[in-house]
Amino acid sequence: MTGLLPYRLEVGDGEAIVGDELPGAGPGYLFLHGLGSGRAGQKSETLLAHARAHGRALLRYDLRGHGGSCGKLGRSTISELIDDAIAALALRGPTVVVGASLGGVVAAHVAARRPDLVAGLALVAPAFGLMSGLRQRLAPRGRMWTREGHGFVVEERVLADAEALDEAGLPGRIRVPTLVAHGLADDVIPHRVGERFFDALAAPKKDLWLVPEGDHRLAAQAPALWPRLDALLGPL
């Protein structure tokens, strides 16, 4: 799309994260997509349009194991995804971080670990509990399936890493302004997961949007997310 520049972040051993970015004013947005998705999905397209309309910068990239970025599904740990996001933010300064599903889990950990780099946080159908309880969800031979029907084997290091992360104490460590959006018709991650996380958030400024008839993707409702997020954050 016009105005987008290619983005590349070297992550060591000759490997890189790739994506695209929209130049603009800061604090800009960072979009982190979900498992089996990619940077150019419906939600990120609406966020891109919102950023462009308001002259704000935006960065979106393919998580490890997705799209043109390094790695393979089932081999990249959550900790690696968190480290990648922090590395990207460290080069940009304070940014509004938006995470969808798995990307929401990554975004929450980033906000807890490096609040100096996160001007605001939006968790869209965050997949809390998915990775920490993944071992029990796997099909025979350690396989997992995306909603698009792509199957892959999850390595032990990925499972061990997810289980070691302190997800239970995570909301108590987040103090940046946070919007949690969850569909009442989400058949992947029940909306009560998002509600419980919201209730435990330590952030003084927070907003919960339970979306009537919203599914896990919340694609149809995405255009309404960004003005609500901006209203929560106020002038930046």
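Quick caveat: nothing in here was measured; it's all calculated off a predicted structure. (Residues numbered from 1 in each chain as written. Predicted model: local features only at pLDDT ≥ 70, side-chain atom pairs only at ≥ 80, totals over all residues. Heavy atoms only, no water.)

J.: Tell me what's going on with the nonpolar core, and back it up with residues and numbers.
T.: Of all hydrophobic cores here, the largest spans 52 residues; its most connected members are Leu32, Tyr61, Leu121 and Ile174. When contributions to this core are tallied by element, the ones reaching two or more residues are strand E1 (5-12), strand E3 (25-32), strand E4 (56-61), helix H2 (78-90), helix H3 (102-113), strand E6 (118-124), helix H5 (156-164) and helix H6 (191-200). If you tally residues by element for this core, the top one is H3, at eight residues. Non-local contacts of Leu121, meaning those with residues more than four positions away in its chain, are made with Val97, Ala107, Ala108, Ala111, Ile174, Val176, Pro177, Thr178, Leu179 and Leu229. Judged by nonpolar contacts, the second largest core, of 25 residues, contains Leu22, Leu48, Ala122 and Val124. (Core = buried A, V, L, I, M, F, W, Y, C linked by side-chain atoms within 4.5 Å. Buried < 20%, exposed > 50% of the residue type's maximum accessible area, 1.4 Å probe, protein only. Helix = DSSP H or I, 4+ residues; strand = E, 2+ residues; numbered from the N terminus. Contact = heavy atoms within 4.5 Å.)

J.: I'd like a description of unusual backbone geometry, backed by residues and values.
T.: The linkage connecting Gly26 with the following residue, Pro27, adopts the cis geometry, with an omega of -5 degrees. Turning to its location among the elements, Pro27 is positioned in strand E3. Unusually for a residue other than glycine, Asp13 sits at a positive phi of about 55 degrees. Residue position: Asp13 is located in the loop between E1 and strand E2 (15-22).

J.: Any details on the pattern of salt bridges? Residues and values, ideally.
T.: Pairing between side chains of opposite charge can happen when the charged atoms of each approach one another. In total, this model carries 15 salt bridges according to the counting rule given. Between Arg60 and Asp20 there is a salt bridge, with its nearest N and O atoms 2.7 Å apart. Highlighted residues: Arg60 in strand E4 and Asp20 in strand E2, separated in sequence by 40 residues. This pair shows no difference in class: Arg60 is buried, exactly as Asp20 is. (Salt bridge = Lys/Arg side-chain N within 4 Å of Asp/Glu carboxyl O.)

J.: Help me get a handle on helix H1 (residues 42-53), residues and values and all.
T.: Between its terminal C-alpha atoms H1 stretches 17 Å, which fits the 16 Å expected from twelve residues at 1.5 Å a residue. Here H1 has its buried residues at Lys43, Ser44, Leu47, Leu48, His50 and Ala51. Along the axis of H1, the buried positions cluster into a sector of 165 degrees, meaning they face one direction only. Away from its buried face, by an angle of more than 90 degrees, H1 presents the exposed residues Gln42 and Ala53. Elements that come into contact with the buried residues of H1 comprise E2, E3, E4, strand E5 (95-100), E6 and helix H7 (222-233). Directly after H1, the chain includes Gly55, whose backbone phi takes a positive value near 70 degrees. (Expected span 1.5 Å × (residues − 1). Arc of directions from axis to C-beta.)

J.: Quick one: what's the story with the packing of aromatic side chains, residue by residue and with numbers?
T.: Applying the stated criterion across every chain yields a total of two aromatic pairs. An angle of 20 degrees between the planes, with centres 6.4 Å apart, marks the rings of Tyr7 and Tyr61 as stacked. Here Tyr7, found in strand E1, pairs with Tyr61, found in strand E4; they are 54 residues apart in sequence, far enough to count as distant. Take Tyr7 and Tyr61: they sit in the same class, and that class is buried. Ring centres of Phe128 and Phe197 lie 4.0 Å apart, and the angle between their planes is 10 degrees; on these two criteria the pair is classed as stacked. Highlighted residues: Phe128 in the loop between E6 and helix H4 (134-137) and Phe197 in helix H6, separated in sequence by 69 residues. Classification of Phe128 by relative accessible area gives buried; the value is 7%. Note that Lys206 overlies the ring of Phe198, its terminal NZ or CZ placed 4.7 Å from the centroid. (Phe/Tyr/Trp six-rings, centres within 6.5 Å; stacked < 30°, edge-to-face > 60°. Lys NZ or Arg CZ within 6 Å of the ring centre and 35° of its normal.)

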